[in-house]
Amino acid sequence: MKMLGSIIGIVSAVASVVFWGIFSFDNPYSRPDSETVGNLFVAAVIPAAFVVVGQFIKPKWFMFVVFLLSLPLGIYFLMMPGIFRGFSAASLDYLISFLLLLADQRKAG
């Protein structure tokens, strides 16, 4: 389960970065300004980087913190049209990754 949780977390992080890139540079609905791009970078890309770091550190609660950081943005994107709803799925996958890693930790401990 640990391997599956790690894979889900890393794939979700990559998906978050891809959605940020699409939203920031190839948005089919509108042209975001630089402030929006910067805010979205802080809210999406930095937590995605934390996910990758969180795969290598011992306390798996780090993954739950990343889920909480991405939750408001995930809810916002859930209400948007088109492919940006995928970010909500990536945010939910952070929680799934955490739960799988937690289950493996409890099984081993």
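Residues numbered from 1 in each chain as written. Predicted model: local features only at pLDDT ≥ 70, side-chain atom pairs only at ≥ 80, totals over all residues. Heavy atoms only, no water.

**Quick look at the confidence of the model for the protein**
Part 1 of the argument: On average, the protein scores 85 in pLDDT, and the residues at 70 or more come to 97%.
Part 2 of the argument: Between the elements of the protein, mean pLDDT differs from a low of 86, seen in helix α2 (residues 34–54), to a high of 88, seen in helix α1 (residues 2–25). (pLDDT = per-residue confidence, 0-100. Helix = DSSP H or I, 4+ residues; strand = E, 2+ residues; numbered from the N terminus.)

**Here we look at the environment of Ala 49**
Part 1 of the argument: Structurally, the position occupied by Ala 49 is in helix α2.
Part 2 of the argument: On the basis of relative accessible area, Ala 49 is assigned to the partly exposed category, the value being 41%. (Buried < 20%, exposed > 50% of the residue type's maximum accessible area, 1.4 Å probe, protein only.)

**Focus on the nonpolar core**
Part 1 of the argument: In terms of nonpolar packing, the biggest core is built from twelve residues, these being Phe 19, Trp 20, Phe 23, Val 37, Leu 40, Ala 44, Val 45, Leu 73, Phe 77, Met 80, Phe 84 and Phe 87.
Part 2 of the argument: If you list the elements that add at least two residues to this core, you get α1, α2 and α3 (61–78).
Part 3 of the argument: A total of four residues in this core trace back to one element, the largest contributor, which is α2.
Part 4 of the argument: In this structure, Phe 87 is in contact with Ser 16, Phe 19, Ala 44, Ser 70, Leu 73, Gly 74 and Phe 77, ignoring residues within four places of it in sequence. (Core = buried A, V, L, I, M, F, W, Y, C linked by side-chain atoms within 4.5 Å. Contact = heavy atoms within 4.5 Å.)

**Points about the side chain of Ser 12**
Part 1 of the argument: Relative to the helices and strands, Ser 12 is located in helix α1.
Part 2 of the argument: Overall, the relative accessible area of 2% leaves Ser 12 in the buried class.
Part 3 of the argument: Engagement of the side chain of Ser 12 in a polar contact is seen with the backbone oxygen of Ile 8, the distance being 2.8 Å. (Polar contact = N/O pair within 3.5 Å; in protein donor to acceptor, adjacent residues only side chain to side chain.)

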